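# Chains, contacts and geometry: an overview
Now for the letters of each chain:
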Amino acid sequence: MKQIFEALEQDARLTPEQISTMTGIPTAEVEKTIKKAEKDRVILKYKTIIDWDKLGEEEVWAFVEIKVVPQRDVGFDAISERIYRFPQARSVYLASGAYDLAILVAGKTMQEIAVFVSEKLAPLNTVQGTVTHFILKKYKEDGEIFGGGEGTKRLPVTP
Amino acid sequence: MLKAGSMHTNVPGSYISERVNNIPPSGIRKFFDLLSSMEGVISLGVGEPDFVTPWHIQEAAIYSLGKGYTMYTSNQGLPQFRQEVAGYLESHCGLSYNPESEVLITVGVSEGLDLALRAILNQGDEVIMPDPCYVAYPACVSLAGGIPVLVPTTEENEFKVLANDIEQRITQRTRAILIGYPANPTGAVMAKEELAQIANLAQRHDLLVISDEVYDQLVYGVEHTCVASLPGMKERTILLNGFSKAYAMTGWRVGYAAARQEVIEAMTKIHQYTMLCAPIMGQMAAIEALKAGNSDVKAMLSEYGRRRRVIVKGLRDIGLSCFEPRGAFYAFPSIKSTGLTSEQFAEKLLIEEKVAVVPGTAFGQCGEGYVRCCYAASLPEIEEALKKMGRFVKKHRKL
C-alpha cells in the first residue's frame, strides 16, 4: 500500500491506472485505497509547487517564532488553533527549543505581514513575544529546488 | 627497420598491434557518433543512473579535498575503505574476506575485470561467458591473450546461462567462467540453484569464476546470490563490484575485487605498475557510500522498480515481447516482429522518432533481434519514448 502513496507524493497527477502499472497493484485496489485515504484524511490535499517569482507575482513570506504560555488542560493546542485558523498562517508547528510555535506566514506585502503579526498574533493573550524573519529568497521547498533545472550531464549513449 | 609504406612517402605504416587490431570496435561507439549530431533525443541508450551521486557522498569527497586528501593511496586502496568493503561483503553475502590481503580497490569494475583476466590467463587460455554480455568481457579476454568462448543464451530461458551449455564448451584450455548477473544488457538474474550448478561445474573442472556483481543491489522482488557465497566457491571466485550503478557514482571510477590472497596479490602487481591506485577522492566518497548510502540505494531502487514495471508493460502493449527483467536497469525487448535487424531498428528509431536504444548485437550475436532499453530515465521520458516507439513499431510491423 505504501507504494501507492509514495508514487502519489511524487506526482499527484498520476492516474490509478498508472499507479497500478508502477506498483503491480490492481487498478481497482489502487482506486479503493486512494478513496479511503482521502476520506480518512490520510491524503490531505493535492497541490502544486509554483515559482510565483518567475511569474512576476509579488509574494512575501515570513517565518514567525512565537513564545506562548501553555494553558492548563489544553497545553499549546488552544493557542495553536487560534493561530492556524488565520488563512495567513500557511503552516503552524509546535517546536522544541527557544520558542514554542513556528509559523509560516504569507502575504502580498511586508506591510501586510507586519500588520498581521502586530495586530493579530502579538495581542493574543497567551502570546509572550514574537520574532519575525522575512524570507529573502526561496531555494528549496517541499524537496524541490527553485530555479532552472540543471539538465542532464550524461552522455546520450554509454555502455 | 623501415615500416612498409614509409619508404618513399614518409607516411608511417600501421603501428597498431595485431592484438588490438583484431578487436572489433564497440558497437555502442558507432551509434554514439550518429547520436551526438542530433538534438532533442530521448535516450534509453545509457548504461548509468539518471540520478546524480547522493549529496552526502559528494559532500564527503569535497570535505576530504578541503582537508588536503589529494595524494596517492596505498596500491591496494585506503585501509579504511578495504575494511568497509569487507564489512559490506560480510553483511550482504555472509562472506569474510581479510581486508589486508583479500581485497583490492580498483578503478571501477572495468579495471578489476582487466586485472583479473591478466592475472590468470596464459596465451590461448579460454574464458567461457554468456552471449549477449557486457561489451568489455570478450574484448578484455582477448587483450589479455585469452580466447573468449561464448555460450548462447535465449529469451526463452530469460537470458540465463545454463550449466549444461557451459559444460559442453569446457576444454583443456578453459581457465575461467566469466558471468555478470544481474546482467547488462538483459536484466537477467540467476537464481541460487542455477548458480549452484555453475559452481558445481567450476569445482569439478577446477575452474575459476569471475563474477561481475556491480548490479547486486538492483534486484526487484528476487534475491541476488553472490557466487562466492556458495559452498566451496570463495576460493574459486574473483568477485568484482563497484559503486557506479547502485550509488549512482559512474564518474568516480571506483570499485573493488575480492578473492583469495594469491589472486589479489597477482592483480595488485599489475595494478601497481599500470594504475598505481584508484583516485583518492573516489575512495573517500565510496567510504561514505558504504557507511551511509544504504537508504539512497533503497530510494533509487524503488524508483527504478516503478519505472521497470512501466517500461515492461509499455513495451508489451506496443507489441514487443519482453521477458521480465529482474535486475539492473535494462529491459531487453524482442524486435523480431518488425522484421528489422537490431541495428536497423535502433538506427531508424533514432532517425525517425529521435529515441535512442542500443542494438542487442552490440553485446553479442545472440543479441540479434533485441534492443537494450535503459529505464534509468525519468517516467515522463519513458512514457514519451514508449509512445514514439509504439508509432514506430506500428509503421514497421511485418505484414
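In the block above lies the structure referred to throughout.
Residues numbered from 1 in each chain as written. Chains lettered and ligands numbered in written order. Predicted model: local features only at pLDDT ≥ 70, side-chain atom pairs only at ≥ 80, totals over all residues. Heavy atoms only, no water.

Attention now goes to the sheet that holds strand 3 (residues 126-131) of chain B. Residue and element names in this part refer to chain B. Read from one edge of the open sheet, seven strands run 2-8-7-6-5-3-4, paired in mixed fashion. The strands lining the two open edges of the sheet, one partner per strand, are strand 2 (103-106) and strand 4 (147-152). The sheet shows a mean angle of 20° between the axes of neighbouring strands, taken without regard to direction. Bridge count between strand 3 and strand 5 (residues 174-179): three bridges; the pairing is parallel. Bridge pairing in strand 5 links Ile 128 to Ile 177. Sitting on the sheet, helix 9 (residues 261-274) touches strand 2, strand 7 (237-242) and strand 8 (255-258), and the angle it makes with strand 2 is about 30°. (Pairing = 2+ DSSP bridges. Helix = DSSP H or I, 4+ residues; strand = E, 2+ residues; numbered from the N terminus. Axes fitted to C-alpha atoms, helices over the stretch in contact; angles between N-to-C directions. Contact = heavy atoms within 4.5 Å.)

All right, on to the pairing of strand 5 of chain B then. Residue and element names in this part refer to chain B. Strand 5 sits mainly inside the fold: five of its six residues count as buried. In the sheet, strand 5 pairs with strand 6 (residues 208-212) via four bridges, with the strands oriented parallel. The partner of Ile 179 across the bridge, within strand 6, is Ser 211. Chirality of the crossover, the property in question, places the unit of strand 5, helix 8 (residues 192-204) and strand 6 among those that are right-handed. (Buried < 20%, exposed > 50% of the residue type's maximum accessible area, 1.4 Å probe, protein only. Right-handed = clockwise from strand over helix to strand, strands pointing away.)

Residue position: B:Asn184 is located in the loop between strand 5 and helix 8. A distance of 2.8 Å separates the side chain of B:Asn184 from the side chain of B:Arg372, its partner in a polar contact. In this view, B:Asn184 contacts A:Pro159, B:Cys133, B:Tyr134, B:Tyr215, B:Tyr330, B:Phe363 and B:Arg372; residues no more than four positions away in its chain are not counted. (Polar contact = N/O pair within 3.5 Å; in protein donor to acceptor, adjacent residues only side chain to side chain.)

The interface of chain A with chain B comprises 15 residues on the first partner and 27 residues on the second. At the boundary of chain A with chain B, the tally comes to zero salt bridges. Taken together, the links from chain A to chain B amount to seven residue pairs in polar contact (both at pLDDT 80 or more). Broken down by secondary-structure element, the contributors of at least two residues to the side of chain A that touches chain B are helix 1 (2-10) and helix 2 (16-23) of chain A. Among the residues making up the side of chain A that touches chain B, the classes are represented as six nonpolar, seven polar and two charged. (Salt bridge = Lys/Arg side-chain N within 4 Å of Asp/Glu carboxyl O. Nonpolar A, V, L, I, M, F, W, Y, C, P; charged D, E, K, R; others polar.)

Turning our attention to the packing of aromatic side chains. Think of a pair of aromatic rings as described by two things: how far the centres are apart, and how the planes are tilted against each other in angle. All names here are of chain B. In this structure the tally under the stated criterion is 16 aromatic pairs over all chains. Judged by centre distance (5.8 Å) and plane angle (75°), the ring pair of Tyr 134 and Tyr 137 falls under edge-to-face. Here the aromatic rings of Phe 159 and Phe 332 are separated by 5.2 Å at their centres, their planes lie at 85°, and the arrangement is edge-to-face. Separated by 173 residues along the polypeptide, Phe 159 in the loop between strand 4 and helix 7 (163-167) and Phe 332 in the loop between strand 9 (330-331) and helix 12 (342-353) bring together distant segments of the chain. This pair shows no difference in class: Phe 159 is buried, exactly as Phe 332 is. Taken together, the aromatic side chains of Phe 51, Tyr 215, Tyr 304, Phe 329 and Tyr 330 make up a single cluster linked through ring pairs. The ring centre of Tyr 97 lies 4.7 Å from the NZ or CZ of Lys 234, which sits over that ring. (Phe/Tyr/Trp six-rings, centres within 6.5 Å; stacked < 30°, edge-to-face > 60°. Lys NZ or Arg CZ within 6 Å of the ring centre and 35° of its normal.)

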